[in-house]
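A look at the structure
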Amino acid sequence: MGKSSKVLVVGGGGREHALSWKLAQSKHVDTVYVAPGNPGSSSEAKIVNIEIKATDIEQLAHFAQNESIDLIVVGPEDPLVAGIVDEFTKIGIKCFGPTAEAAQLEGSKAFAKRFMQKYRIPTATYQSFSDPHSAKKFLKNSVYPMVIKADGLAAGKGVFIVNNFAMAEKSVDAIMTDHKFGSAGATIVVEEFLEGEEASFIAMVDGVNILPLATSQDHKAIGDGDVGLNTGGMGAYSPAPFVDDELQKKIMDEIMLPTVHGMVDEGMPYRGFLYAGLMISDQNEPKVLEFNCRFGDPETQPIMMRLSSDLVELIQACFNGTIESFPIEWDDRTALGVIMASSGYPEKYATGFEIHGLDATDLAYPEVKIFHSGTAIRNGKIVTSGGRVLCVTALGRDVKQAKKVAYEAVKKVAWDGVYYRRDIGDKAIKLLN
Ligand code: AMP
Ligand code: GLY
């Protein structure tokens, strides 16, 4: 890429605010367009929002051709699974992410499970079902707890941990009979419940080679202490101290390398961010809970706060096949992000509430960055427009300090019906004490 390149980021959440913010800091970039972006991204220097939906591949292609965009970076899974990379490859524009075929690693849990079984990648034992009767028959004789997952995309909400047959039956009915997740629930995966510590392992992959990024931990459940329904993620921090060098090597050897090599063998080489959601057992054995074909949200927000290298150069290295030897650099501090959400999320919630305190908080805390997710501008004011609204992210010398500063900033921001977890980072703090 030349000096004054144009980049287009696809998506409009907190992850895309963080990615576009980091890309705009690149010395190679003149303008970052975000489709559709949010009021957070549009308030940044060098960033311009454009009113095209992340899934409108035709309009995005139109825009990219007219504006002579040099590089496209895709945030969310839907356009990847729908084949955005294939479309842009056809018209000769570099688009960072996996092809539709390779994105099945996230797009179909049944595909991912079959793939892991074939390549002996450690994961929970499972069965898949495409009719509710045989699923229930199997569940009748299962030992609980068990985990029931919709096969397709469900924004992190299509997973149910069930403690008995009655709960299992209810979940099967919700997914397969009431079609709670539409066609994503035509097939379900029923799997063994795994215990341990969760970690997000995110890497950049160039088709063959892998560069692991900084480790992180998300908090999937809605309630403190990991109770209640699953969400897209309620807060994250990086690094995750329980993923030490030895465990990292094991994850690379047993999970990441066999996955990337297996995808080559399948004839669908993987390029893009590759995210393995892991459960680490007491014996330090990692198993895959799921693959995502993209960066995590909210993991992106703390990880981008810590990335010192130029993100455009990293992505270029993935196109050049040189990612493995990239001298990536990180801020040694811990970054911790707290999601501020609309109460009711991940189920029904109201929106349109004015958000107070944003500018003052930004100014008062230089080590804090507030990334927007579900926000909108109405009558010149920033209001809530989604379930996950903001990710207040702070850098600190350790996780305790990062947590302290992040929550101080969280308390300065308010709207009617705000909800957030109060224990983001506590597992790491406990471990380090
Ligand atoms: P997934 O979208 O498959 O990662 O599932 C979402 C969340 O559900 C995970 O982050 C875990 O917290 C939980 N989960 C999924 N699968 C399992 C499992 N086999 N055992 C225990 N918890 C699970
Ligand atoms: N934070 C979990 C995800 O992005 O899927």
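What follows covers the environment of Val 143. Tracing the chain through its elements places Val 143 in the loop between α8 (132–140) and β7 (146–150). Accessibility expressed as a relative area gives 68% for Val 143, which makes it exposed. In sequence terms Val 143 and Glu 192 are 49 residues apart; their C-alpha atoms lie 8.9 Å from each other.

Turning next to the site of ligand 1. Close to ligand 1 lie 15 residues, the nearest being Glu 191, Glu 192, Leu 194, Glu 198 and Glu 290. One of the side-chain N or O atoms of Lys 109 is found 3.1 Å from an oxygen atom in ligand 1. Alone, ligand 1 offers 470 Å² of accessible surface; in the complex the protein occludes 95% of this. Residue assignment for the shell around ligand 1 shows that the elements contributing at least two residues are β7, β8 (159–162), β9 (188–192) and β17 (286–292).

Within the open sheet, the 4 strands sit side by side as β11-β10-β16-β17. Their pairing is antiparallel. Both outer strands of the open sheet, β11 (210–212) and β17, are each paired with one neighbouring strand and no more. Direction aside, the axes of adjacent strands within the sheet are offset by 30° on average. Note: strand β16 (residues 270–280) against β17, 6 bridges, orientation antiparallel. Within β17, the residue paired with Leu 278 across the bridge is Val 288. Along the sheet, helix α12 (residues 311–320) makes contact with β10 (197–207), β11 and β16, crossing β10 at roughly 60°.

The rules behind each value
Residues numbered from 1 in each chain as written. Chains lettered and ligands numbered in written order. Predicted model: local features only at pLDDT ≥ 70, side-chain atom pairs only at ≥ 80, totals over all residues. Heavy atoms only, no water. Helix = DSSP H or I, 4+ residues; strand = E, 2+ residues; numbered from the N terminus. Buried < 20%, exposed > 50% of the residue type's maximum accessible area, 1.4 Å probe, protein only. Near = heavy atom within 4 Å. Polar contact = N/O pair within 3.5 Å; in protein donor to acceptor, adjacent residues only side chain to side chain. Areas by Shrake-Rupley, 256 points an atom, 1.4 Å probe, with all protein chains shown as cover. Pairing = 2+ DSSP bridges. Axes fitted to C-alpha atoms, helices over the stretch in contact; angles between N-to-C directions. Contact = heavy atoms within 4.5 Å.

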